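Fold and contact review
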Amino acid sequence: MGPLVSDLTHLDRLEAESIHIMREVAAEAENPVMLYSVGKDSAVMLHLAMKAFYPSVPPFPLMHVDTTWKFSEMIKFRDRKAAEIGMDLIVHSNQEGIDAGVGPFTHGSAVHTDIMKTQGLIQALDKYKFDVAFGGARRDEEKSRAKERVFSFRTAEHRWDPKNQRPELWNVYNARIRKGESIRCFPISNWTELDIWQYIRREQIEIVPLYYAAKRPVVEWEGSQIMVDDERMPEELRKTAVEKYVRFRTLGCYPLTGAVESEADTLEEIIQEMLLTTSSERQGRTIDRDQAASMEKKKQEGYF
Amino acid sequence: MSHQSDLIADDINAYLEAHENKSLLRFITCGSVDDGKSTLIGRLLYDSKMIFEDQLEALESDSKRHGTQGDQIDFALLVDGLAAEREQGITIDVAYRFFSTDRRKFIVADTPGHEQYTRNMATGASTADLAILMIDARKGILTQTRRHSFIASSLGIRKLILCINKMDLVEYDEAVFNNIEQDFLEFANELNAGIEIQAIPVSALAGDNITSISDNTPWYTGPSLMEYLETVPVGDERKAAPFRMPVQWVNRPNLDFRGFSGQIASGSIKPGDKIKTLPSAKETTVERVVVHGGDLAEGIAGQSVTLTFADEVDTSRGDVICAANDPAEVSDQFQARILWMSDDAMLPGRRYLLKTGAKTVTALVSGLKYRIDVNDLQDRPAKTLNLNEVGVCTLSLDQAIAFDPYDVNRETGGFILIDRLTNNTVGLGMLDFALRRAGNIHWQALDVDRETLASQKDQKPAVLWFTGLSGSGKSTIANALQKKLFSMGKHTFVLDGDNVRHGLNRDLGFTDEDRVENIRRVSSVAKLMTDAGLITLVSFISPFRSERRMARNLMSEGEFIEIHVDTPLSVAEERDVKGLYKRARAGEIKNFTGIDSPYEAPKDPEITIDTVNNTPESAADEIVRWMEAKGLLDA
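Counting starts from 1 at the beginning of each chain's written sequence and moves along it residue by residue. All chains are assigned letters beginning at A, and all ligands numbers beginning at 1, according to the order in which they are written. Under the rules for a predicted model, residues below a pLDDT of 70 receive no local features and side-chain atom pairs below 80 are neither given nor counted, while totals for whole chains, interfaces and linings still include all residues. No hydrogens and no water enter the side-chain calculation; it runs on all heavy atoms of the structure.

What to know about the overall build of chain B
Only DSSP runs of H or I covering at least 4 residues are called helices, and only runs of E covering at least 2 are called strands; the numbering of each starts at the N terminus. Check the secondary structure of chain B and you find 20 helices and 27 strands. Throughout, radius of gyration means the C-alpha value; the globule benchmark is 2.2 Å times the number of residues raised to the power 0.38. Taking 635 residues into account, the globule formula puts the C-alpha radius of gyration at 26 Å, and chain B, at 32 Å, lies well above it. Along the longest, intermediate and shortest principal axes, the C-alpha atoms of chain B span 105 × 65 × 45 Å. Accessible area is worked out with a 1.4 Å probe on protein chains only. A residue is then buried under 20% of its type maximum, exposed over 50%, and partly exposed in between. Across the 635 residues in chain B, those meeting the buried criterion constitute 56%.

Describing the sheet that holds strand β8 (residues 224-227) of chain A
Residues and elements named next belong to chain A. Pairing between two strands requires that DSSP report at least two bridges joining them. If you trace the 4 strands from one edge of the open sheet to the other, you get β8-β7-β9-β10, paired in antiparallel fashion. The open sheet is flanked by β8 and β10 (260-261), the only strands paired with a single partner. Pairing analysis gives 2 bridges linking strand β9 (residues 242-247) to β10, with the strands arranged antiparallel. The residue of β10 that forms the bridge with Val246 is Glu261.

With respect to the environment of Leu377 of chain B
Residues and elements named next belong to chain B. Structurally, the position occupied by Leu377 is in the loop between β18 (359-372) and β19 (379-380). The class for Leu377 is buried, based on a relative accessible area of 13%. C-alpha separation for the pair Leu377 and Leu469, spaced 92 residues apart in sequence, amounts to 39 Å. Apart from residues no more than four positions distant in its own chain, Leu377 is found in contact with Phe150, Phe187, Glu190, Leu191 and Ile372. The contact criterion used is simple: two residues touch if any of their non-hydrogen atoms lie within 4.5 Å.

A few points about the sheet that holds strand β9 (residues 257-263) of chain B
All names here are of chain B. With antiparallel pairing, 7 strands are arranged side by side in an open sheet as β7-β15-β11-β12-β14-β9-β8. On the outer flanks of this sheet lie β7 (244-246) and β8 (249-254), each paired with one strand and no other. Across the sheet, the mean angle separating the axes of adjacent strands is 40° when strand polarity is ignored. Of the pairings in the sheet, the one linking strand β11 (residues 274-278) to strand β15 (residues 320-323) comprises 4 bridges and is antiparallel in character. The partner of Leu278 across the bridge, within β15, is Val320. Only the contacting stretch of a helix is used when fitting its axis, a line to C-alpha atoms as for every element, and angles between N-to-C directions run 0 to 180 degrees.

Some details on the packing of helix α1 (residues 10-28) of chain A against helix α2 (residues 40-53) of chain A
All names here are of chain A. Following both chains from N to C, one finds α1 and α2 inclined at 70°, their axes separated by 9 Å at the closest point. In terms of orientation, α1 and α2 fall into the roughly perpendicular class. Facing Glu15, Ser18, Ile19, Met22, Arg23 and Ala26 of α1, the residues of α2 in contact are Met45, Leu48, Ala49, Lys51, Ala52 and Phe53. Looking at the contact of α1 with α2, its residues break down into 8 nonpolar, 1 polar and 3 charged. Just so you know how the angles are binned, under 35 degrees is roughly parallel, over 145 roughly antiparallel, 65 to 115 roughly perpendicular, and the rest oblique. Residue type decides the class: Asp, Glu, Lys and Arg count as charged, Ala, Val, Leu, Ile, Met, Phe, Trp, Tyr, Cys and Pro as nonpolar, and the leftover types, Gly among them, as polar.

Let's talk about the nonpolar core
The nonpolar side chains of soluble globular proteins are, as a tendency, buried together. Core analysis: the biggest nonpolar cluster contains 76 residues, and Phe27, Ile28, Ile132, Leu155, Leu225, Leu229 and Leu428 of chain B have the highest contact counts within it. Counting residues per element, this core draws most heavily on strand β4 (residues 130-136) of chain B, which supplies 6 residues. When residues of this core are assigned to domains, at least three fall in each of domain 1 (2-231) and domain 3 (329-436) of chain B. Working definition of a nonpolar core: buried Ala, Val, Leu, Ile, Met, Phe, Trp, Tyr and Cys residues. They are joined through side-chain atoms within 4.5 Å. In this structure, Val38, Cys185 and Val218 of chain A together with Tyr15 of chain B belong to the second largest nonpolar core, which totals 74 residues. Start and end points for every domain follow an automatic or database-based domain assignment.

Some remarks on the domain arrangement of chain B
Put simply, an interface is often sized by how much accessible area is lost when its parts join up. Residues and elements named next belong to chain B. When the domains of chain B are assigned, the result is domain 1 (2-231), domain 2 (240-323), domain 3 (329-436) and domain 4 (450-629). Just the C-alpha atoms count here: the centres of domain 2 and domain 3 sit 28 Å apart. Contacts between the two partners involve 12 residues from domain 2 and, on the opposite side, 11 residues from domain 3. Interface of domain 2 and domain 3: buried area, both sides summed, is about 890 Å²; carbon and sulfur atoms make up 63% of it. Buried area is calculated as the accessible area (1.4 Å probe) missing from two parts once they are joined, with the contributions of both summed. It is Arg244, Pro279 and Arg317 that lose the most area in domain 2 upon contact with domain 3, and together they represent 41% of the buried surface on that side. Each reported salt bridge corresponds to a side-chain nitrogen of Lys or Arg within 4 Å of a carboxyl oxygen of Asp or Glu. There are 1 salt bridge connecting domain 2 and domain 3. Polar contacts, as counted here, are pairs of nitrogen or oxygen atoms within 3.5 Å of one another; within protein the pair requires one atom able to donate a hydrogen and one able to accept it, and residues that are adjacent in sequence qualify only if both atoms are side-chain atoms. Inspection of the domain 2/domain 3 interface yields 2 residue pairs in polar contact (both at pLDDT 80 or more). In terms of residue class, the side of domain 2 that touches domain 3 is built from 6 nonpolar, 3 polar and 3 charged.

Things to note about the confidence of the model for chain A
Residue and element names in this part refer to chain A. Note: pLDDT gives the predictor's confidence per residue, expressed from 0 to 100. On average, residues of chain A carry a pLDDT of 89, and 89% of them reach 70 or more. This model gives residues 1-6 a pLDDT under 50, and the stretch forms 13 contacts once residues within four places in sequence are excluded. The model gives residues 287-293 a pLDDT under 50, and that stretch makes 14 contacts with residues more than four places away or in other chains.

A word on the environment of Val577 of chain B
Residues and elements named next belong to chain B. Within the element layout of this structure, Val577 appears in the loop between α18 (569-575) and α19 (580-585). Its relative accessible area of 70% is what places Val577 among the exposed residues. Linking Val577 and Gly471, residues 106 residues apart in sequence, is a C-alpha distance of 6.4 Å.

A word on the interface of chain A and chain B
Each partner contributes to the interface: chain A provides 72 residues, whereas chain B provides 95 residues. The contact between chain A and chain B buries some 7,300 Å² in all, and 56% of this surface belongs to carbon and sulfur atoms. Taken as a group, Arg23, Lys147 and Trp170 of chain A account for 12% of the area that chain A buries against chain B, more than any other trio of residues on that side. Linking chain A with chain B are 8 salt bridges, by the criterion used here. In this structure, Arg26 of chain B engages Glu17 of chain A in a salt bridge whose closest nitrogen and oxygen atoms are separated by 3.2 Å. Linking chain A to chain B there are 31 residue pairs in polar contact (both at pLDDT 80 or more). Looking at the side of chain A that touches chain B, the elements that each hand over two or more residues are α1, α2, α6 (193-203) and α8 (267-276) of chain A.

Structure (structure tokens):
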């Protein structure tokens, strides 16, 4: 038996809230799925799911929308993790996009993200007819996220209507939908980036090694430091690669994820750097800088 | 990012240990448009170093494009994140923001000021420990201030900070501050009792009294806003309350384990504690408090746990596990306060889905007693509730649920209403009390029974139920009959529609719903009078067959005598003793039986009185003869 519990800390309260949310979905949804992006937020979300249903295995599958441009280390980590936990893993890629040869180097970040990520996600949700999909988005990430409900309603066309959101009272969530409609559920809405890191530290959650600094080959591309992850990077670019101590604050498609120079190779050092840094974690993401309301627009179109 | 702390650079481990054990305060900011709510939050984030350089750059460019502060940074743009909000310069939906200091972590819900977005304000308030009310020092207490205070306090927020803002624009005048504080305290007397109020003079734009005490207000001796937020005790009365846990999910990984998962709503629980599951009222003992990584010696309010029981007790999702010695109440009839949140009005008589805790049931809004004007807190008569209106309603559920009054326990007393067709959340509600305690009230056995009481009076009790149109002659005949029975030595009483509406049913109108309730109450009273051994004469229009049937079913076999005072509408209207038909025809009276509200004539009444060819006297004689023939007037 553990020690007597005194007052709950903020991490305890956030954890309990997330678990409550996941159990509501498990009880009310007909066909839920957890979107697993292999990043640190997904790692925390998955860990919370393990806790929420213990000693049962979480009663839903994991799904990864693979743009085929993720870091290869992420894919290895994903497959090993799913096998360890014993949850089903669904991997979906937009075959039409692959056939058309869509990629960030040839089509740019906006087209690539729309076709491989947004359309890929919509295809997958339609194919498996999931009615509730968990996502690891946080309200502190971006201004339109800050306004989104925990249970975020989507029309049958996967659209989000920010001006007409369902009121959300206490911890009493309305998960009712009609056929074809769906809900995106964000159990870690109220966590901040610092909370995530502290929780990873407290719970000793394993994360993809790319978060830790190491010597990696990087090139300068469109204002960011991009890691050479495979042969698909144009050769003239690859030729410019230099070895640097870098790490990543977020993980996505490798050509769209800027590295930061760092020697932080422990959790404590990463947190220390984050607390002393002067730029937000999304700065490394090309997708957010396109226009002021860019995320809100993407979300209305079905992006997670 | 984050607040300044030397520990971050010097000793990150020590910093992390300290930060990990901080407590959490959730609060909302509310007030009128342009009072500076968003500016205040922007200021708190900025002053606690929660804004990154790239965000600051974006803010500076946005300030030039959309800002309202000239060349200065418009902090409001930090929080007004939706495109429509930035275009219109207003806050539409709740925005959640996060910051921390060395002492605490905060979650702020910035809530909209416009009345049309009141429902979004309630969304933010429902999870908050504290509310900051922004007041423009130049304008004082406004309607919106009152509305927001009322909603915040109704939703159970017990701590209010009165942020009297824009003090720089009134030359930091102490008198202005004192007057506004005084005005508010007077108004606050009408709110829920037990609210703690702290008034602070600030300028969100200039930063006075936000993170430190300002030299501009030497007359102010209280704490700065930040100091108050960091130190105000987060009243965890939830921990001291009796144990409650709604069951969310039954955890059955294999045949050997059966647990009940949920978040502890109040109180605490240990292995060996006696519990009762409601509404089934089965008792057992808790065996384990299971969480991942090892069982707990004790689970406390706020934690998500899984409980196992010593015995196989049938428990499922939606049940509430309670302390056995102090369980919740169980009922299917309630009085509740409802805040309506849909564009389609709430209609009494309509069925909605009601979700409370993990339980969803069907609820009929059986009545709307009155509306509370959120601007002046006065009761107003109402037929429906429109968007953002608050009303006191009666609810009838299709099954009994466990609950506590909302003012006692937010977790087990709050509910949402869901439209069955659109699935939208259309209302939020707070249970006040049960109208019928399904479990608690038992029939009191009486030693002097109804037969004894009747035989003492040498009579048989009966209900003579006169039904007919207004002006048909019901009361006149009942009056004549009572005189005859009295002279025969019988003990009688007349329940007259008009008279009862002056007292017992004063709160009821003439809508279909109210007519139903009117008859329900009168038949209950008539029933009690027959128990007392009386011959009871009920003179009510009682236009609906189903309600007369309800009254009949309440009485013992043979004691209900339905008397149809059968006067044609044309005759009653021509008599028009009280002048009511004329007014109804003129449209001055709504829902008048026979004119714009139906009368369903009895199909098989015991007695039918023809008032066109009979006087009241002869009609009364006819009823006496009928009673004699049935032996009702024998001892």
